[in-house]
Amino acid sequence: MAPSGSRSIKNGCKRVLYWIPVLFIALIVAWSYYAYCFTVFNQNAVIYLLVYHVIFVMFVWAYWQTICTRPSNPLKEVSVSVCDAAFITLFLSSIGEDEAWRGSADVGYTIRFCDRCQLLKPDRCHHCSVCDRCILKMDHHCPWVNNCVGFSNYKFFMLFLAYSLLYCLFITATDLQYFIKFWLNGLPDTQAKFHILFLFFSASMFSVSLASLLTYHCWLVCKNRSTLEAVRAPVFRHGTDKSGFSLGLRKNFRQVFGDEVKYWPIPVFTGLGDGCSFPTCLVNVDPEQPSTSPTGSNPFPSKPLTESQSRLLTSTPSWSENDSATGRKGKIAC
Ligand SMILES: [Zn+2]
Ligand SMILES: [Zn+2]
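Residues numbered from 1 in each chain as written. Chains lettered and ligands numbered in written order. Predicted model: local features only at pLDDT ≥ 70, side-chain atom pairs only at ≥ 80, totals over all residues.

- Looking up the protein in an unreviewed UniProt entry gives the name Palmitoyltransferase, with the organism given as Cyclopterus lumpus.
- Its UniProt record, at the heading Catalytic activity (unreviewed entry), says of the protein: "L-cysteinyl-[protein] + hexadecanoyl-CoA = S-hexadecanoyl-L-cysteinyl-[protein] + CoA".
- The heading Sequence similarities (unreviewed entry) in the UniProt record of the protein holds the text "Belongs to the DHHC palmitoyltransferase family." (UniProt positions renumbered as here; feature names shortened; annotations may be inferred.)

Here is the structure:
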């Protein structure tokens, strides 16, 4: 085992290195601001500069929120003592991981235990090896924001993608006239030529990658699926199901962006739910356990919900009995 001193230096170096992609993005954005406002366009293009600054502020705000919002962790109430943790780890290792996922249905809910954090993981919670902690509704760890994208900042991440795409498209569209002039030798031989050329190339290239990433995450929101769940389907009593948390397009979208339309484009948290329990179309029809949690009885303490949060989570299910072909015991008509 490495001495604790060298280990802390190694961890410190890692933490500094993790900020390099964020610094790279910040430098690109700072350069693009300088190039657009001070060399390519001047005070004569007031309308362009006005629109540019509105998009720029929203883009930087969403990026800041994605970076600085601390990912939600499971509540301390679900942590277990060192002794219990050792017992659970021994038990899970004795029956194998697959058994741990499936065998737990016999005791009413799926056992998902994190031996690093020593706590029982709520639905959709995963341990991030970079952050070294469990993250509620973890989507992925994003190096470009040096943060985990999860329950608390997924809306910010979506807005960051949307505004950064808008930012790049706006620069590409307004810079196009000068870009054409550049190739027709219609521009004076100044430093602005360099900025016009590289603004156009960098903005159009980022537009392509951002558009594909945004399209993918829009699809995930519509399906109520995280990136991790798209790779490995969550486990329910009847088995794995990638669409197990989907409630229909409208409800899926509202779960991330909230009820109030006016807040959808604003990078403030408006999502529904508490991040620990999630309503689902797939439930067990056992009358003794009417819970809408995919894993039956939910052992995780929840935070008090606002009225809008409660509405989504406590919506009364209407049952469809004709779903035996898929092996599901019941289904809420969404
Ligand atoms: Zn963990
Ligand atoms: Zn992380």
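**Side note on the UniProt feature "transmembrane region" (unreviewed entry) in the protein**
Phase 1: When the UniProt feature table is mapped onto this chain, "transmembrane region" (unreviewed entry) is found at residues 16-34, 46-64, 156-174 and 194-216.
Phase 2: Between the C-alpha atoms that bound residues 46-64 there is a distance of 27 Å. The span itself is 100% helix and 0% strand. (Helix = DSSP H or I, 4+ residues; strand = E, 2+ residues; numbered from the N terminus.)

**Things to note about the nonpolar core**
Phase 1: Ranked by internal contacts, the top residues of the largest apolar core, which has 43 residues, are A62, F160 and L199.
Phase 2: In terms of domain composition, this core takes at least three residues from each of domain 1 (9-69 + 159-223) and domain 2 (76-149).
Phase 3: Apart from the residues lying within four places of it in its own chain, the contact partners of F160 are A62, Y63 and T66. (Core = buried A, V, L, I, M, F, W, Y, C linked by C-beta atoms within 7 Å. Buried ≥ 20, exposed ≤ 12 C-beta atoms within 10 Å, placed from the backbone. Domains from an automatic or database assignment. Contact = placed C-beta atoms within 7 Å.)

**Notes on the packing of helix α6 (residues 154-183) against helix α7 (residues 192-223)**
Phase 1: Taken N-terminus to C-terminus, the directions of α6 and α7 make an angle of 150°; their axes are 7 Å apart at the nearest point. The orientation of α6 relative to α7 falls into the category roughly antiparallel. Crossing angle aside, the handedness with which α6 passes α7 is left-handed.
Phase 2: Of the residues belonging to the contact of α6 with α7, the class tally is 21 nonpolar, five polar and two charged. (Axes fitted to C-alpha atoms, helices over the stretch in contact; angles between N-to-C directions. Parallel < 35°, antiparallel > 145°, perpendicular 65-115°, else oblique. Left-handed = near helix turned anticlockwise from the far one by under 90°. Nonpolar A, V, L, I, M, F, W, Y, C, P; charged D, E, K, R; others polar.)

**A closer look at helix α3 (residues 46-68)**
In an α-helix, one turn spans 3.6 residues; hence positions three or four apart end up facing the same way.
Phase 1: Compared with the 33 Å implied by 1.5 Å per residue over 23 residues, the 32 Å span of α3 between its first and last C-alpha is a close match.
Phase 2: Of all the positions in α3, only Y52, F56, M58, F59, A62, Y63, Q65, T66 and I67 are classed as buried.
Phase 3: The inward-facing, buried residues of α3 contact α2 (20-40), β6 (147-149) and α6. (Expected span 1.5 Å × (residues − 1).)

**A word on the packing of α2 against α7**
Phase 1: Running from N to C, α2 and α7 point in directions that differ by 135°, and their axes come no closer than 10 Å. With respect to their mutual orientation, α2 and α7 come out oblique. Taken as a pair, α2 and α7 cross one another with a handedness that is left-handed. Side by side, α2 and α7 meet where S32, A35, Y36, T39 and V40 of the first sit next to A192, H195, I196 and L199 of the second.
Phase 2: Residue composition of the contact of α2 with α7, grouped by class: six nonpolar, three polar and no charged.

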